[in-house]
Structure formats: C-alpha cells, structure tokens
Amino acid sequence: MNPHAKLISSLSLLLGTTITISSNHWVMAWTGLEINTLAIIPLISKSHHPRAIEAAIKYFLVQAAASALVLFSSMSNAWATGQWDITQLTHPTSSLLLTTAIAMKLGLVPFHFWFPEVLQGSSLITALLLSTMMKFPPITLLFLTSHSLNPTLLTIMAIASTALGGWMGLNQTQVRKILAFSSISHLGWMAAIIIYSPKLTLLTFYMYSLMTAAVFLTLNTTKALNLPMVMTAWTKTPTLSATLMLALLSLAGLPPLTGFLPKWLIIQELTKQEMTTTATIIALLSLLGLFFYLRLAYYSTITLPPNTTNHMKQWHTNMSTSTLTATLTSLSISLLPLSPMILTAI
C-alpha cells in the first residue's frame, strides 16, 4: 500500500474518532463515524485478495446501514423534543433505534454476522484496529446516552452476545475468527453494565483493548494465522509464545491477571443492582470462552504438532514492534495488584 495513502487513512481514523468522542451534536458525531468508516476501508482491502474485497464490502454495507439508523434516530429525537444534544436522547423510539444502530456498529448479537468475516478478510494489524479503535466511538455514544437506554433490551443483547461469542468460538481454527468471537463475548459484558456503571464499561473496554493489542501484535510478530501455525511459533520465539499464553489467559479473565479485574467489578456491580441472575449467567457463559482461550494457550506453548505443517517456514520474524508488544504484554499480565489505584481513578 502506498505510504501516503496509509498515512492519510491513519490520520483520518484519528480525526474521525476524535470528532465523534468530542462532539455534543448528533450530526458531528455521525460525521466522525462516517470518516472512520471511509478511512478503514482502504486498510481492509489493501491486500487485493478476493476475501479482503468481500470483507471491505460487507463492512461498508453494515456500517452505512448503522450510520443511517444513527441519523434517523437523532432526527426523530430532534423532531419530538427539539434537541440535537447527544445527552438529551429522551424519546423512547429514538433510544431503541440508537441501541440497534450501535449494536450493528459494534457487532453485538443479533447484528454480529459481519464481524468474524471482516476480521478474517483483514490483516492482523487491521483486525486489531477493527477490534479496538473502531469500537471506541460507538461505545462513547453509548456512554453519553446510557441514562436513556432500554435496560431489558441491553441485558438480552449482553447475555446473547456472551453466549454466542463463547459458543461459536469453540469450533474455530482461524485465530482471527477466534479473536472476533472473543470480542463479541467481551462486548456482551460491556453491554450488561453500561446503564448501571458507564465508567466501568469504559474501564472494561480499555482493559480489553490492552489485552487484545498484546495478543494481535504477538501473533503479527510470529505471523501465526491459524492453530497449526501457532503450534510451530515456539521454535521461532519461545519467550514470546510463553507471554502469549499469559496474555490469552488474561483475556479469558483468570486471576491473578489483568483480565480478571473488569469481570470481577462487573459481577460485583450487577450484584449490587440486584441482577444476580444476569451476573451468574454471564459468568457461567464466560467458561465457554475460557475453553478456547485455554486451547489457544495450550497450542502456543505446550504441544508439538503431530504432523508436518503445510506452510512455509519463516526463519526471520518481524521484531519492529517488539518494545510495544513487550509493554502491552506486561500490562495485560500485571495490572491486577494496581486495582485499588484504578478504582480510585474511576
């Protein structure tokens, strides 16, 4: 890809995200979302592979439909209340439409179908952007309108996302698809708590982004795209494979790793809100996710492949992002002891 085109796309991504998260007016927020969508499409389709082109088209169609719903929701709210302010979303139909639109943008169940396919058609770095940075503006809109969202709808979406994210990830052999279903599962946890503690949702998203970035950058260094390639990665970078195992277990939410913190706080908050049933259900459903994280961790460090691999051996690994990967992996493993400080910050 042309460096100038890549620079323009990257700057447009930053610009679109900044416009959306800093706007008070619905039209400005919509503009930022549109800039984001148009900026990421060249990055998805840059390999010119048919699967990448297909992913770019699917992404564009879904995001265009979601953006139209955002605009329709804000216009119907302005028609009913005379307010264009994001925090003044008080009309029930507008609130329902916005929840649907944001669920489409994020990939929450039942609007999740596009997300694994788009991630599978993208490169690992673009998949990282789609899983983290592209989710930030929609989550910010949910954060700003959290007081007027429908609790029943969000709880149903949260439980369905956690269930489907764990269930569909069990049978996957492609790493990007596994991480896509992992993302859907984590979004379920965020949707469950957004109404009761919006700041905790943001904290969960930050922690998830940190751990996912560590996993994606590690996989990008070892060029592992599926489970057989993950199996043979230990011969190239044994230390990196060991830290990948810890990062994956952190993503699964096992104590004493960083990923345990948001899940612990969400279950605690749901219990305070007398939603013990919801807390129990999503905690049990996260065990499905734990299975495929454990399988990935097992493949990355412990097993030897039983047969010869069909892909080319790569004797040289790309270590250009080694410092960043090391920092993110360290943070994704060791932040739990700092939880009192993190809790005072939110």
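Every chain is numbered independently, its residues counted from 1 as its sequence is written. With pLDDT at 70 or above as the cut-off, local features in this predicted model cover only qualifying residues; side-chain atom pairs require 80 or more to be listed or tallied, and sums for whole chains, interfaces and linings still use all residues. Side-chain calculation: all heavy atoms of the structure are included, whereas hydrogens and water are not.

> Is there a simple way to think about helix H14 (residues 276-301) in this case?
Each turn of an α-helix holds 3.6 residues, which means side chains three or four residues apart point in the same direction. Helix and strand definitions here come from DSSP, where helices need a minimum of 4 consecutive H or I residues and strands a minimum of 2 consecutive E residues; each element is numbered from the N-terminal end. To estimate how far a helix should extend, the number of its residues minus one is multiplied by 1.5 Å. Spanning 26 residues, H14 covers 37 Å between terminal C-alpha atoms, matching the ideal 38 Å at 1.5 Å per step. Fitting axes to the seven residues ending at a residue and to the seven starting there, one defines the bend at that residue as the angle between these axes. Residue Gly289 marks the point of greatest curvature in H14, where the axis turns by about 25 degrees.

> Would you mind going over the packing of aromatic side chains with me for this structure?
Paired rings are identified among Phe, Tyr and Trp, the last through its six-membered ring, by centres lying within 6.5 Å, and are further divided according to the angle between planes into stacked (under 30 degrees), edge-to-face (over 60) and tilted (the rest). Enumeration over the complete set of coordinates arrives at seven aromatic pairs. Judged by centre distance (5.3 Å) and plane angle (75 degrees), the rings of Trp114 and Phe115 are edge-to-face. The residues Trp114 and Phe115 share a single accessibility class, namely buried. Ring centres of Phe260 and Trp264 lie 6.0 Å apart, and the angle between their planes is 5 degrees; on these two criteria the pair is classed as stacked. On the criterion of helical spacing, the pair formed by Phe260 and Trp264 is a turn pair, its members being four residues apart in helix H13 (residues 260-272). Each residue is assigned to one of three classes by its accessible area relative to the maximum for its type, calculated with a 1.4 Å probe on protein chains only: buried under 20%, partly exposed between the two thresholds, exposed over 50%.

> Whenever I open this one, a nonpolar patch on the surface confuses me. Can you help?
Patch membership is restricted to residues that have no salt bridge and whose relative accessible area is over 30%. Joining uses 9 Å for like charges and 5 Å for the nonpolar side chains Val, Leu, Ile, Met, Phe, Trp and Tyr. Note on areas: these come from Shrake-Rupley sampling with a 1.4 Å probe, and a residue is covered only by the protein chains present in the view. Salt bridges are identified by distance alone: a Lys or Arg side-chain nitrogen within 4 Å of an Asp or Glu carboxyl oxygen. There is a patch of nonpolar side chains on the surface, built from Leu38, Ile53, Ile57, Phe60 and Leu61 and spanning about 470 Å² of accessible area. It is helix H3 (residues 50-81) that contributes the most residues to the nonpolar patch, four residues altogether. Assessed through its relative accessible area of 54%, Leu61 is described here as exposed.

> Looking at this structure, how should I read the nonpolar core?
The tendency in soluble globular proteins is for nonpolar side chains to be buried side by side. Nonpolar cores are built from buried Ala, Val, Leu, Ile, Met, Phe, Trp, Tyr and Cys residues. Side-chain atoms within 4.5 Å join them into one set. Grouped together as the largest cluster of nonpolar side chains are 90 residues, with contacts concentrated most on Ile40, Ile44, Tyr59, Leu130, Val215 and Leu219. Examining the composition of this core, we find that 14 residues originate from one element, helix H10 (residues 198-222), more than from any other. The source of the domain bounds is an automatic or database domain assignment. If you count residues domain by domain, this core takes at least three from each of domain 1 (1-122) and domain 2 (150-345). Contacts are assigned to residue pairs that have any heavy atoms within 4.5 Å of one another. Residues contacting Ile44, with those up to four places away along its chain left out, are Ala52, Ala55, Ala56, Tyr59, Val118, Gly121, Ser122, Thr126 and Leu130.

> Looking at this structure, I do not really get the domain arrangement of the protein. What am I missing?
Looking at the protein, the domain boundaries give domain 1 (1-122) and domain 2 (150-345). Contact residues are listed per partner, giving 17 residues for domain 1 and 18 residues for domain 2. Reported buried area values correspond to the accessible surface (1.4 Å probe) lost by two parts on association, with both partners' losses combined. In total, domain 1 and domain 2 occlude about 1500 Å² of area from one another, counting both sides; carbon and sulfur atoms represent 73% of this. Looking at the side of domain 1 facing domain 2, the largest losses of area belong to Leu108, Val109 and Gln120, adding up to 38% of the total buried there. At the surface where domain 1 touches domain 2, the tally comes to one salt bridge. Lys177 is the partner of Glu117 in a salt bridge, and the nearest nitrogen-oxygen pair spans 3.4 Å. Under the rule applied, a polar contact is a pair of N or O atoms within 3.5 Å (in protein, one hydrogen donor and one hydrogen acceptor; residues adjacent in sequence only if both atoms are side-chain atoms). For the interface between domain 1 and domain 2, the tally reads five residue pairs in polar contact (both at pLDDT 80 or more).

> What exactly am I supposed to notice about the UniProt feature "transmembrane region" (unreviewed entry) in the protein here?
UniProt positions are given in the numbering used here, feature names are shortened, and annotations may be inferred rather than shown by experiment. Following the UniProt record, the feature "transmembrane region" (unreviewed entry) maps to residues 56-75, 95-115, 152-171, 178-196, 202-219, 240-261, 281-302 and 323-343 here. Taken end to end, residues 95-115 is 67% helix and 0% strand, and its first and last C-alpha atoms sit 23 Å apart. End C-alpha to end C-alpha, residues 323-343 measures 28 Å, and it is 81% helix and 0% strand.

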